[in-house]
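# Descriptive analysis of the structure
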Amino acid sequence: MNSNKNTHCQIRQTICFLLFITLFFFSCKNTEKENPYTLMKIPELNQQDLAEGFQLLQNNCFSCHNPNATEETKAGPTMAAIKNQYMKSHPSQEEFVRDYLIFLNNPSEENSKMPEAITRFNLMPKMSLNDEQILKVAMYLYSSEIENPNWFEKQYDIEKQKYQSNTSISPIETGQEIALKTKGVLGKNLLEALNAKGTENALSFCSTRAIPLTDSMAIALHARIKRVSDKNRNPENKANEAELAYIESTKMAIARGDKPKPQLTTLDEVQIGYYPIMTNKMCLQCHGQVEADISSSTLSKINSLYPDDLATGYSSDELRGIWVVEMDKK
Ligand code: HEC
Ligand code: HEC
């Protein structure tokens, strides 16, 4: 236990350091890019941390980076292809982790090492992992042999067991996992539709209603999930009073410069988790400024499908709405 705490502490310190390096890296990008930094050694992660990295990958990344996808069903490059590309420019573990932190915290063309993948698949949406989680994911990828064929089948059961035997996840984290998985599936459908059909005809893919909760944990907990907003597009996604209160306080936190935090409410029979949904550049073609971001053909389609639409006028990094995950108490 104690050594576990120590590792966590070390992880935090390293992340702070890496972030410092990141800022430094950004502030003198042009001149310093070629110059490798003396990066701090990353703490030895224990088996549990790595298994958690695998679990995070599985929950948040494989919907688009599916190891078993074929050329036709792919929604993004495989993790092996990405690792290969990242290893090319930066063979050291510290730099590998740093580059994952940079890209995952701010997916953009500027931070991309695979611009051709953006052209083919569209820019990856920002996932809501914190730095410690990104570190674990990156370290798992770095230290495992994902480039081997059959890696996934072989590792899957082993890692899953390790993870489950060692962890008891809190209800707020359980709800978060369910929300992230749903988000992953939704994001995948949306990206595929945008690529295949363009914005106007992808509109129907931003609906969550078609997504069945197939995740075993969600089924076991009889979880229900919905997305609501204070500025809703679909009248059925209007936030109720309790949800509005959370939305308002989260907006205030964001305005103060704080990171938006999830919230768990415990009632007699159920627990309800609220999780923020932030905008990124990809969303603006359907939720941005009316003339500047949303084309007139898309706008007229939105207006005909949703005559009472309130969900335009957003910029990047704003609170677009929230996931509401309702779980039965065990
Ligand atoms: C909704 C689909 C989707 C999900 C979910 C997703 N990705 Fe991606 N990812 C993409 C697409 C599409 C690309 C290729 C375009 C790009 O680079 O932005 C990509 C590219 C990447 C790249 C290469 C970036 C570059 O251009 O240099 C990394 C690294 C990456 N993903 C990591 C992850 C990790 C780690 C997760 C899970 C925490 C994840 N992705 C979840 C769609 C997704
Ligand atoms: C192709 C157009 C399109 C894109 C791109 C898009 N949306 Fe939507 N969005 C819609 C439509 C249409 C709805 C209404 C869905 C429904 O009927 O449930 C919607 C609904 C939502 C809702 C539910 C609340 C409401 O207003 O009804 C949220 C939250 C949301 N979108 C967030 C996002 C975020 C975040 C992104 C970017 C990551 C995004 N959307 C990208 C078209 C889009």
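In what follows, the structure referred to is the one given above.
A short tour of the structure in this document, coming up. (Residues numbered from 1 in each chain as written. Chains lettered and ligands numbered in written order. Predicted model: local features only at pLDDT ≥ 70, side-chain atom pairs only at ≥ 80, totals over all residues. Heavy atoms only, no water.)

Attention shifts here to the packing of aromatic side chains. Within the structure shown, the criterion is met by five aromatic pairs. On the numbers, 5.4 Å between centres and 65° between planes, the contact of F54 with Y140 is edge-to-face. Of the two residues, F54 sits in helix α3 (residues 47-60) while Y140 sits in helix α7 (residues 131-143), which places them 86 residues apart along the sequence. Of the two residues, F54 and Y140, both sit in the buried class. Arranged with centres 4.9 Å apart and planes meeting at 35°, the rings of F96 and Y100 form a pair that is tilted. Of this pair, F96 and Y100 both sit in helix α5 (residues 93-105), four residues apart, which is roughly one turn of that helix. The same class applies to F96 and to Y100, which are both buried. These aromatic residues form a ring-pair network of at least three members: Y86, F96, Y100 and Y142. Looking at K113, its charged tip hangs above the ring of Y86, at a distance of 5.7 Å from the centre. Over the face of the ring belonging to Y314 we find K231, whose NZ or CZ atom lies 4.3 Å from the ring centre. (Phe/Tyr/Trp six-rings, centres within 6.5 Å; stacked < 30°, edge-to-face > 60°. Helix = DSSP H or I, 4+ residues; strand = E, 2+ residues; numbered from the N terminus. Buried < 20%, exposed > 50% of the residue type's maximum accessible area, 1.4 Å probe, protein only. Lys NZ or Arg CZ within 6 Å of the ring centre and 35° of its normal.)

On to the coordination of the iron atom of ligand 1, then. For the iron atom of ligand 1, the protein coordination sphere consists of H65 (NE2) and M124 (SD), at 2.0 to 2.1 Å. Between the six donor atoms coordinating the iron atom of ligand 1, the angles at the centre fall across 86 to 179°, so the site counts as octahedral. Taken as a pair, H65 in the loop between α3 and α4 (79-89) and M124 in the loop between α6 (115-121) and α7 lie far apart in primary sequence, 59 residues in all. For M124, a relative accessible area of 24% corresponds to the partly exposed category. (Donors = N, O, S within 2.8 Å, 3.2 Å for Na, K, Ca; no water. Tetrahedral: all angles 85-135°; square planar, octahedral: opposite > 155°, others 65-115°.)

Moving on: the site of ligand 1. Close to ligand 1 lie 29 residues, the nearest being C61, C64, H65, Y86 and M124. Here S112 contributes a side-chain N or O atom positioned 2.6 Å from an oxygen atom of ligand 1. Here an oxygen atom of ligand 1 sits 2.7 Å away from a polar atom, N or O, in the main chain of K113. Contributing elements (two or more residues each) for the shell around ligand 1: α4, α5, α6 and α9 (171-202). Two domains each provide a minimum of three residues to the shell around ligand 1, namely domain 1 (2-166) and domain 2 (171-328). (Near = heavy atom within 4 Å. Polar contact = N/O pair within 3.5 Å; in protein donor to acceptor, adjacent residues only side chain to side chain. Domains from an automatic or database assignment.)

Residues in close proximity to ligand 2 total 26 residues, the closest being C206, C283, C286, H287 and R320. In the model, an oxygen atom of ligand 2 is placed 2.7 Å from a nitrogen or oxygen of the N237 side chain. Secondary structure elements with two or more residues in the shell around ligand 2: α9, β3 (270-278) and α12 (284-287). No other element matches α9, which puts four residues into the shell around ligand 2. Class assignment for the residues of the shell around ligand 2 results in 12 nonpolar, nine polar and five charged. (Nonpolar A, V, L, I, M, F, W, Y, C, P; charged D, E, K, R; others polar.)

Bringing the environment of E318 into the picture now. In this fold, E318 is placed in the loop between α13 (296-305) and β4 (319-328). In contact with E318, not counting residues within four places along its chain, are I277, M278, T279 and G313. A polar contact is formed between the side chain of E318 and the backbone nitrogen of S315, at a distance of 3.1 Å. (Contact = heavy atoms within 4.5 Å.)

This part covers the pairing of β3. Burial analysis of β3 places eight of its nine residues in the buried class, which makes it a mostly covered element. Here four bridges tie strand β2 (residues 263-266) to β3, and the two strands are oriented antiparallel to one another. Paired with T265 across the two strands is I272, which belongs to β3. If you look at the hairpin formed by β2 and β3, you'll find three residues sitting between the two strands. As defined by bridge partners, β3 adjoins β4 across nine bridges and the pair is classed as antiparallel. Residue pairing in the sheet places G273 in a bridge with V325 of β4. (Pairing = 2+ DSSP bridges.)

Moving on, we come to the sheet that holds β2. Taken in spatial order, the four strands of this open sheet run β1-β4-β3-β2, and their pairing is antiparallel. Looking along the sheet, the strands with just one partner apiece sit at the ends: β1 (224-228) and β2. On average, adjacent strands in this sheet sit at an angle of 20° to one another, irrespective of strand direction. Contacts between α9 and the sheet are confined to β1, β2, β3 and β4, with β4 contributing the most and set at about 125° to the helix. (Axes fitted to C-alpha atoms, helices over the stretch in contact; angles between N-to-C directions.)

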